[in-house]
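What the coordinates show
The primary structure of each chain is shown beneath.
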Amino acid sequence: MATFADPDEDLVRRVGQGDPAAIQAMVARKLPRMLALAQRMLGDPVEAEDVAQEAMVRAWRQAPRWIPGKARFDTWLHRVALNLCYDRLRRRREVPTDAVPDRRDEGAAPDRGLLAADVGAAVNGALARLPDRQREAIVLCHYQELSNIEAAGLMEISIEALESLLSRGRRALRLALAGHRPGAEGV
């Protein structure tokens, strides 16, 4: 088994020793990416915050037992966050509801950014309708900016299988967005 340098190794070691500065540095470094991952997977900012925070708590608890060289810490943390997302997605399927949740508009002022919000909503909607594995592949490669090798390893599939998921996901997104004309809803 080949070992490799993990850029987080020293930080994880210090977190495991209870170093408050290291814990703060880990949160500052990792929380935004975990939050973005969860937001893309779940489409709900409140659930995304819960998932990202739980992933960070698990990282903090695991740090004293972390064994360098088995896997990159960042890869492990992404897997934890994805598993938490899938747990929530499974629970959603198990509890049918007719009520649509109210959401606070966090976009720009009404007179600015309407087009961007419209396009973003269309992309997020199309992304949410993808099968879970296609959405996971697209989020990891395009939003989390992982390489195909890293994403395939994280998903525990071959690079060819990842590329197939990416291809099908991109095609489905193109089809879903083909008829979308920004701003057309109000016309």
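Structure first, text after, so check above.
In short, a report on the structure. (Residues numbered from 1 in each chain as written. Predicted model: local features only at pLDDT ≥ 70, side-chain atom pairs only at ≥ 80, totals over all residues. Heavy atoms only, no water.)

Moving on, we get to empty space enclosed by the protein. Under the criterion given, the structure shown has 1 cavity of 30 Å³ or more. Empty space within the largest cavity amounts to approximately 30 Å³. Lining the largest cavity are Arg-72, Asp-74, Thr-75, His-78, Leu-146, Glu-150 and Leu-154. For the lining of the largest cavity, the secondary structure elements donating two or more residues are α4 (73–94) and α7 (148–155). When residues of the lining of the largest cavity are assigned to their parent elements, the largest contribution, 3 residues, is made by α4. Class assignment for the residues of the lining of the largest cavity results in 2 nonpolar, 2 polar and 3 charged. (1 Å grid on protein atoms, 1.4 Å probe; cavity = no way out; pocket = protein on both sides within 12 Å on 5 of 7 lines; lining within 4 Å. Points joined across faces, edges and corners; volume = space filled by probe spheres on them. Helix = DSSP H or I, 4+ residues; strand = E, 2+ residues; numbered from the N terminus. Nonpolar A, V, L, I, M, F, W, Y, C, P; charged D, E, K, R; others polar.)

Moving on, we come to the side chain of Asp-74. Relative to the assigned elements, Asp-74 resides in helix α4. Residues within four places of Asp-74 in sequence aside, it is in contact with Asp-8, Lys-30 and Leu-146. (Contact = heavy atoms within 4.5 Å.)

Of all hydrophobic cores here, the largest spans 44 residues; its most connected members are Met-26, Leu-37, Met-41, Phe-73, Leu-77, Leu-140 and Leu-162. If you list the elements that add at least two residues to this core, you get α1 (9–16), α2 (20–42), α3 (45–62), α4, α5 (114–129), α6 (132–143), α7 and α8 (159–178). Top element by residues in this core is α4. It accounts for 9 residues. Other than its neighbours up to four places away in sequence, Met-41 contacts Leu-82, Cys-85, Tyr-86, Leu-89, Asp-132, Arg-135, Glu-136 and Val-139. (Core = buried A, V, L, I, M, F, W, Y, C linked by side-chain atoms within 4.5 Å. Buried < 20%, exposed > 50% of the residue type's maximum accessible area, 1.4 Å probe, protein only.)

Together, Arg-168, Arg-170, Arg-171 and Arg-174 give the surface a local cluster of positive charge. By secondary structure assignment, the location of Arg-168 is in helix α8. (Patch = residues over 30% accessible without salt bridge, like charges linked within 9 Å, V, L, I, M, F, W, Y side chains within 5 Å. Areas by Shrake-Rupley, 256 points an atom, 1.4 Å probe, with all protein chains shown as cover. Salt bridge = Lys/Arg side-chain N within 4 Å of Asp/Glu carboxyl O. Lys, Arg positive; Asp, Glu negative; His and termini not counted. Charge placed at Lys NZ, Arg CZ, Asp CG, Glu CD.)

Scope: geometric values only; no functional claims are made or implied.
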